[in-house]
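Take a look at the letters that make up each chain.
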Amino acid sequence: MLVDYHVHGIGHGTSKHTVEEISAYLETARKRGIAHVGFADHDRYLDEYNVEAIREAALRYPDVQVRLGVKIDYIRNADDLLQKMTSQYPFDYVIGSVHKIEGWDFDHPDYIDKYRDWENDELYRAYFGHIKEVAEKGLFSFIGHLDLIKIFNYRSSRPILELAEEALQAISKSGLPCEINTNGLNKPVAEVYPQRTLLERCFELNIPITLSSDAHFFHEVGRDLDKAREIAWSVGYRKVATFHRRKCYMENL
């Protein structure tokens, strides 16, 4: 079964939650055989959510299970704010992700020069330290793009498993799934998140997976998820995580 739990119906402010625009996303999902679509916009767009429009559009596509989520860009020392954001709507799930390190939007191309200020191993340690905190917060349903720090193909010198192991142990202890996010294929790094060695370690640690395109436009829904499923299957996964009313359910992959 193919699912897509990381879909941005508002994109980067390029779309809105209208019935017609949400329907366009669901039409793409139907054509690509996506069984579940989860709309999880960035937390900065929470005030622009239109839950009723999503529900009305979902009625047009009874063959696609529609879920409501939000993607939280984790920041430190803001637990009250995080709690407020994760409870603003009746979410089926909440994605925990890291996009900032010390206030730096490391995945934004306008700020790529700041990579020069970091030694790569230290940068990776800092990033996975944030991921560890996300796993330990108890607020999130799954981890988004586990190794996003590689987006511009700046790689660590030390083995990635060494730098990520504490975060992976925390994720495993929390019971949270990680997503296989295909949007990395369209970035300079040109590979899915997470890389295979990390995914294999996730499997060893019994960390479940879900599937995501990270679509920001309607035509991107479900993009390359067949490849994600093939990768998951080759690693050994046979189940995929789905979400409803803040509970996780495992379905046949």
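Residues numbered from 1 in each chain as written. Predicted model: local features only at pLDDT ≥ 70, side-chain atom pairs only at ≥ 80, totals over all residues. Heavy atoms only, no water.

K.L.:
So what's going on with the packing of helix α1 (residues 19–31) against helix α2 (residues 51–59)? Which residues, and what values?
P.N.:
A pair of packed helices can be characterised by two numbers: the angle between their axes and the separation between those axes. The contact between α1 and α2 brings their axes to 8 Å, and the two run at 50°. Here α1 is positioned oblique relative to α2, judged by the angle of their axes. In this structure, α1 crosses over α2, and the sense of that crossing is right-handed. Facing Val19, Ile22, Ser23 and Leu26 of α1, the residues of α2 in contact are Ala53, Ile54, Glu56, Ala57 and Ala58. Considering only residue class, the contact of α1 with α2 consists of seven nonpolar, one polar and one charged. (Axes fitted to C-alpha atoms, helices over the stretch in contact; angles between N-to-C directions. Helix = DSSP H or I, 4+ residues; strand = E, 2+ residues; numbered from the N terminus. Parallel < 35°, antiparallel > 145°, perpendicular 65-115°, else oblique. Left-handed = near helix turned anticlockwise from the far one by under 90°. Contact = heavy atoms within 4.5 Å. Nonpolar A, V, L, I, M, F, W, Y, C, P; charged D, E, K, R; others polar.)

K.L.:
Give me the packing of aromatic side chains: which residues, what numbers.
P.N.:
Here the structure, examined in full by the defined rule, presents 18 aromatic pairs. Here Tyr5 and Phe243 contribute two aromatic rings whose centre-to-centre distance is 5.3 Å and whose plane-to-plane angle is 80°, an arrangement assigned as edge-to-face. Taken together, the residues span a long stretch of sequence, with Tyr5 in strand β1 (residues 2–7) and Phe243 in strand β10 (residues 239–244) at a distance of 238 residues. Look at Tyr25 and Phe39: their rings are 5.8 Å apart centre to centre, the planes differ by 70°, and that puts the pair in the edge-to-face class. Remark: Phe39 occurs in strand β2 (residues 34–42) and Tyr25 occurs in helix α1; sequence separation between them is 14 residues. Take Tyr25: its relative accessible area is 2%, and that puts it in the buried class. Cation over ring: Arg238 sits above Trp233, and NZ or CZ is 3.6 Å from the ring centre. (Phe/Tyr/Trp six-rings, centres within 6.5 Å; stacked < 30°, edge-to-face > 60°. Buried < 20%, exposed > 50% of the residue type's maximum accessible area, 1.4 Å probe, protein only. Lys NZ or Arg CZ within 6 Å of the ring centre and 35° of its normal.)

K.L.:
Give a description of the side chain of Asp147 that names residues and reports values.
P.N.:
Inspection of the secondary structure assignment puts Asp147 in the loop between β7 (142–143) and α5 (160–174). Not counting chain neighbours up to four residues away, the residues in contact with Asp147 comprise Tyr127, Phe128, Tyr193, Pro194, Gln195 and Leu198.

K.L.:
Would you mind going over the pattern of salt bridges in detail, with residue names and values included?
P.N.:
For the coordinates displayed, the defined rule picks out 20 salt bridges. The shortest N-O distance in the salt bridge between Asp105 and Lys100 comes to 2.6 Å. The class of Asp105 is partly exposed, set by a relative accessible area of 23%. The exposure class assigned to Lys100 is partly exposed, which follows from its relative accessible area of 31%. When salt bridges with common partners are traced through the structure, they connect Asp147, Lys150, Arg155 and Glu191 into a single cluster. (Salt bridge = Lys/Arg side-chain N within 4 Å of Asp/Glu carboxyl O.)

K.L.:
If you had to explain the nonpolar core to someone new, which residues and values would you point to?
P.N.:
Counting residues in each nonpolar core, the largest one holds 86 residues, and the members touching the most others are Phe128, Leu146, Ile171 and Leu211. When residues in this core are grouped by element, the largest group, eight residues, is from helix α4 (residues 120–136). The residues contacting Phe128, other than those within four sequence positions of it, are Leu146, Asp147, Ile160, Leu163, Ala164, Ala167 and Leu198. (Core = buried A, V, L, I, M, F, W, Y, C linked by side-chain atoms within 4.5 Å.)

K.L.:
Go over the state of the cysteines, please, and point to the residues and values.
P.N.:
Per the counting criterion, the structure on display carries zero disulfides. With no disulfide of its own, Cys248 lies 12 Å from the sulfur of Cys178, the closest cysteine sulfur. For Cys248, a relative accessible area of 40% gives the class partly exposed. (Disulfide = S-S within 2.5 Å.)

Limitation: the analysis is restricted to geometry and does not speak to function.
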